[in-house]
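# Survey of secondary and tertiary structure
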Amino acid sequence: HFYVSTLRPNLLRSRALIQTLINAHHIDEVSLVDNATTAAAIVLQQIGRRFAHHRNDTVIMFRCAFPAVKKSIQAYVTRAGASVVEVDLPFPVSSNAEIIAEFRKGLSSAKSDGRKVRLAIIDHITSMPSVVIPVRELVHICREEGVEQVFVDAAHAIGSVSIDVQQIGADFYVSNLYKWFFAPPSVAFLYCRKSNPSSSETHHPVVSHEYGNGLPVESSWIGTRDYTPQLVVPAIMEFVNQFEGGSEGIMRRNHEEVVRMGKMLAEAWGTSLGSPPEMCASMVMVGLPSKLHVLSDDDATRLRSHLRDKHGVEVPIYYRAPKNGEKSESEPRDDHGLITGYARISHQVYNRIEDYYKFRDAINRIILEETSLQGCF
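Treat the numbers as computed from the prediction; the structure is a model and nothing was measured. Per chain, residue numbering runs from 1 following the sequence as it is written. Local features in this predicted model are restricted to residues of pLDDT 70 or higher, and side-chain atom pairs are both shown and tallied only at a pLDDT of 80 or more, whereas totals for entire chains, interfaces and linings draw on every residue. Just so you know, side-chain values use all the structure's heavy atoms and leave hydrogens and water out.

## A few points about the overall build of the chain
We apply this condition: Secondary structure counts use DSSP, requiring at least four H or I residues in a row for a helix and at least two E residues in a row for a strand, with both numbered from the N terminus. We take the radius of gyration over the C-alpha atoms and set the globule estimate at 2.2 Å times the residue count to the 0.38 power. Relative accessibility decides the category of a residue: with a 1.4 Å probe and only protein chains considered, values under 20% of the type maximum give buried, values over 50% give exposed, and everything between is partly exposed. In this description, contact between two residues means that some pair of their heavy atoms is separated by no more than 4.5 Å. Shrake-Rupley sampling with a 1.4 Å probe provides the accessible areas, and residues are treated as covered by the protein chains on show and by no other component. Think of it this way: Lys and Arg go in the positive column, Asp and Glu in the negative one, and His and the chain ends go nowhere. Every charge is mapped to an atom, namely NZ of Lys, CZ of Arg, CG of Asp or CD of Glu.
For the chain, the count of helices and strands is 14 helices and twelve strands. In terms of C-alpha radius of gyration, the chain reaches 22 Å, essentially the compact-globule figure of 21 Å for 377 residues. Counting only C-alpha atoms, the chain reaches 65 × 55 × 35 Å along its principal axes. Taken over 377 residues, the chain has a buried fraction of 53%. Within the chain, counting contacts between residues at least 6 apart in sequence, those at least 24 apart form 67% of the total. Here the chain displays about 16,800 Å² of accessible surface, and carbon together with sulfur accounts for 49% of that area. The positive charge centre, built from 40 side chains, and the negative charge centre, built from 43, are 3 Å apart in the chain.

This is the structure:
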């Protein structure tokens, strides 16, 4: 009874609510899939077929793109003969203009030697380091420069920033509902712009009975499995609407609180934020004291594990290599040296100020004990 009579109409209800939330033009533009990784496979397998006939053409993306997306590029695109141009994300960053300038430089490189850019992959909110990207402006630049298709990887977006896919103007846009929108894993929405000619060529990578009936229907049945994460969107809406201002109110308060906590930590440690508040959503990058000696990705991993195992604090740690040499005045510093480590802190409705004090005190304790990553962790 569930599979025959209940599943399909309730999936349709979830898609209709997502359509309204993201301002999609038509419900058939919205599919429910497992996660952003699945969405990347859906988008890249159809673009990969094009590269079979245009082997010297290009994909452009940020160097800090999510690793699983890069693997999908390797599996579907570079294997078909395409080249990839990676754009460096300025970090620390002080304005959207810095990101736009770097993206324009990358796009110019991608188009050199007469190559055509078949696909641009643009993050809405990068993961590590976490920065809100001026996605509308970058999509507009892609249209001006003749980029064939634009895919926005917005894994962290829904429930964290407002989304209007018509204003953004991308061909594809994906966001996970289980990061900031209170869904259980694993469910994401994938928006495919109906006016994009390739939308009819876009298929779920798991082929089942519904193949050829359009991506939303294909995604609604990929075999016998648990579909309940895709069915809880109405319950999520009931939950968030219990809060003042609903989802918009939650996003606003999360942003305000994470910025406040980030500033508190930076002041306590004598460091700085990795970006201005307007380039943050519900996550902020906070510089760590140089005395911690975070000098490699391995150091960052060891510090994260040490904070978890010894202090009961879970927080991602990012290593940022000096870009302009250690003596450059443009490099971020505290009173004791270069800032090369950053913590990505988050705020959700369940967080309390004590969580951030606990993290602050753990870092201070590590420094006071005069430990170093190389010596102790």
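## Focus: the packing of helix H2 (residues 36–51) against helix H3 (residues 67–76)
Stated precisely, the cut-off is as follows: Only C-alpha atoms enter the line fits that serve as axes; for helices the fit covers just the stretch in contact. Angles between N-to-C directions range over 0 to 180 degrees. Roughly parallel means an angle under 35 degrees; roughly antiparallel means over 145; roughly perpendicular covers 65 to 115; every other angle is labelled oblique. Left-handed is the label given to a crossing in which the near helix is rotated counterclockwise from the far helix by less than a right angle, and right-handed is the label when the rotation is clockwise.
Two elements in contact, H2 and H3, have axes separated by 9 Å at closest approach and are oriented at 25 degrees. One finds that H2 runs roughly parallel with respect to H3. The chirality of how H2 crosses H3 is right-handed. From H2, Thr-37, Ala-40, Ala-41, Leu-44, Gln-45 and Gly-48 reach across to H3, where they touch Ala-68, Val-69, Ser-72, Ile-73 and Tyr-76.

## What to know about the packing of helix H1 (residues 2–22) against helix H10 (residues 233–240)
One way to put it is that H1 packs onto H10 with a least axis distance of 8 Å and a crossing angle of 50 degrees. Put simply, H1 runs oblique to H10. Within the contact between the two elements, H1 uses Arg-13, Ser-14, Leu-17, Ile-18 and Leu-21 and H10 uses Val-233, Pro-234 and Met-237.

## Brief notes about the environment of Ala-362
Residue position: Ala-362 is located in helix H13 (residues 353–368). Owing to a relative accessible area of 1%, Ala-362 belongs among the buried residues under this scheme. With 352 residues separating them in the primary sequence, Ala-362 and Asn-10 have C-alpha atoms 46 Å apart. If we ignore the near neighbours within four places in the chain, the residues touching Ala-362 are Leu-307 and His-311.

## Section: H13
To keep things clear, this is the line we draw: Expected helix span is taken as 1.5 Å per residue step, with the number of steps being one fewer than the number of residues. This arc corresponds to the set of directions leading from the helix axis out to the C-beta atoms.
Compared with an ideal rise of 1.5 Å per residue, which puts 16 residues at 22 Å, H13 spans 23 Å between its outermost C-alpha atoms and is within 8% of the ideal. Residues of H13 that are buried: Tyr-356, Phe-359, Ala-362, Ile-363 and Ile-366. Projected onto a plane normal to the axis of H13, the buried residues spread over an arc of 120 degrees and lie on a single side. For H13, exposure combined with an orientation more than 90 degrees from the buried face picks out Glu-354 and Leu-368. Here the buried face of H13 lies against helix H11 (246–269), helix H12 (297–311) and strand E12 (341–346).

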